[in-house]
Amino acid sequence: MNKRKLVSFDWALKRLLRSKANYEVLEGFLSELLKEDIEILEILESESNRDSARDKSNRVDMKVRNRKQEIILIEIQYEREFDYLQRILFATAKAITEHIAEAEPYANIVKVISINILYFDLGHGEDYVYHGKTQFRGIHYHDELRLNNKQQELFGKQYPHELYPEYYLLKVNQFDDVARDSLDEWIYFLKNGEIAEGFRAKGLARAKEILDIMHLGEEERRSYEWHREELRYQASMYRSSFFDGRMEGKKEGLEKGIEKGIEKGREEGMEKGKKATAKIMKQAGEPMEKIMQYTQLTPEEVEAL
């Protein structure tokens, strides 16, 4: 099968898919995963605007509101984190509290769906897509608790799990590259950065158009190459630190030294990436406040570009 090399989905989330003109790609992915037609109303402020350079480089996230007024959190994670399950729990709780006013009733709490695209092995399991939700089952009759008639009329739902957060874990590296259905076609792309001829999943046709590396401008391509180099650098440093720590038995000292070296290299790379991103946004006519928010640059630095 003929394949085309595309930019990675994480970089696209940061640079391309936040544009309303490109919502079709993200809507396609969400529709295939959630098994319903998803229409995105808006991209909301998310954790990816945090100040920490380390958090920005090793993870990407997006917060979406769909036509059902549900909040969908999308996160891509490369580096191993042993407390990752607790972190996504915190993120969903934070999203809930952020989107309800102080005086509002609990009935107005939003439904949150947490989608996590993982490039490391989280837990033990044979599958590559896991779905979690909260269900209440009787310990004697094993029936699932349903909402009463008034609650069903108020919320338009039948079960509590339809109100509570849901979680999806996509263990991308565990996928065997055999696309058995339309969701697998998306996971193939997430893993390989390629879309094979014949794939028909929603959103992939549009993805072929806008994510083709050859269609990027010079500044965008430079920014993307910096991003890929940063990921390779992180992976190399992780493997090196693990091997050296095991062989020499100096884990604590190595971690401090590696962290210092990573931070120094990352700061230099991040500065170049910030300026490249700011230049793209400036040329696109984005307001100064938005450029400063996304890049953490000062007004003087942006004006100097």
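Before reading further, recall that the structure is shown in the block above.
Residues numbered from 1 in each chain as written. Predicted model: local features only at pLDDT ≥ 70, side-chain atom pairs only at ≥ 80, totals over all residues. Heavy atoms only, no water.

Give me the lowdown on helix α4 (residues 84-98), citing residues and values where you can.
With 15 residues, α4 should reach 21 Å at 1.5 Å per residue; the first-to-last C-alpha distance of 21 Å fits that figure. Within α4 the residues assigned to the buried category are Tyr 84, Arg 87, Ile 88, Thr 92, Ala 95 and Ile 96. (Helix = DSSP H or I, 4+ residues; strand = E, 2+ residues; numbered from the N terminus. Expected span 1.5 Å × (residues − 1). Buried < 20%, exposed > 50% of the residue type's maximum accessible area, 1.4 Å probe, protein only.)

Before we move on, could you go through the environment of Ile 88 and cite the residues and values that matter?
With respect to the element layout, Ile 88 can be found in helix α4. Those residues in contact with Ile 88 that sit more than four places away from it in its chain are Ser 114, Asn 116, Tyr 167 and Leu 169. (Contact = heavy atoms within 4.5 Å.)

Tell me about the environment of Leu 41, and name the residues and values.
Structurally, the position occupied by Leu 41 is in strand β2 (residues 40-44). For Leu 41, a relative accessible area of 36% translates into the label partly exposed. In the structure, Leu 41 is positioned 18 residues away from Tyr 23 in sequence and 9.2 Å away in space, judged by C-alpha atoms.

Explain a nonpolar patch on the surface residue by residue, including any values.
A cluster of nonpolar residues, Phe 136, Leu 145 and Tyr 164, forms a patch on the protein surface that exposes about 280 Å² of accessible area. Among the secondary structure elements, Phe 136 is positioned in the loop between β6 (129-133) and α5 (149-155). (Patch = residues over 30% accessible without salt bridge, like charges linked within 9 Å, V, L, I, M, F, W, Y side chains within 5 Å. Areas by Shrake-Rupley, 256 points an atom, 1.4 Å probe, with all protein chains shown as cover. Salt bridge = Lys/Arg side-chain N within 4 Å of Asp/Glu carboxyl O.)

A description of the pairing of strand β5 (residues 112-118) should follow, citing residues and the corresponding values.
The buried count for β5 comes to seven of seven residues, which makes it a mostly enclosed element. Residues of β5 alternate between two faces, with Val 112, Ser 114, Asn 116 and Leu 118 on one and Ile 113, Ile 115 and Ile 117 on the opposite face, all of them buried. As judged from the seven bridges shared by strand β4 (residues 71-77) and β5, these two strands associate in the parallel manner. Across the sheet, residue Ile 74 finds its bridge partner in β5, namely Ile 115. In terms of handedness, the path from β4 via α4 over to β5 forms a crossover that is right-handed. (Pairing = 2+ DSSP bridges. Right-handed = clockwise from strand over helix to strand, strands pointing away.)

Go over the packing of aromatic side chains with me, naming the residues and quoting the values.
Across all of its chains, the model carries nine aromatic pairs by this definition. Ring centres of Tyr 188 and Phe 199 lie 5.6 Å apart, and the angle between their planes is 90 degrees; this geometry places the pair in the edge-to-face category. With Tyr 188 in helix α6 (residues 182-192) and Phe 199 in the loop between β8 (194-196) and α7 (204-210), the pair connects residues that are 11 residues apart, well separated along the chain. A single burial state applies to Tyr 188 and to Phe 199, both of which are buried. Grouped by ring-pair contacts, the aromatic residues Phe 9, Phe 29, Trp 186 and Phe 189 constitute a single cluster. (Phe/Tyr/Trp six-rings, centres within 6.5 Å; stacked < 30°, edge-to-face > 60°.)

Give a description of the pattern of salt bridges that names residues and reports values.
Tallied over the full model, the rule gives 15 salt bridges. Linking Arg 180 and Asp 184 is a salt bridge whose minimum nitrogen-to-oxygen distance equals 3.9 Å. A residue is classified by how much of its surface remains accessible, and Arg 180, at 51% relative accessible area, is exposed. By relative accessible area, which is 3% here, Asp 184 ends up buried. The partner of Glu 209 in a salt bridge is Arg 206, and the shortest N-O contact between them spans 3.0 Å. Of this pair, Glu 209 and Arg 206 both sit in helix α7, three residues apart, which is roughly one turn of the helix. In this structure Glu 209 comes out as partly exposed when scored by relative accessible area, which is 47%. Taken together, the shared-partner salt bridges connect Glu 36, Lys 68 and Glu 70 into one network.

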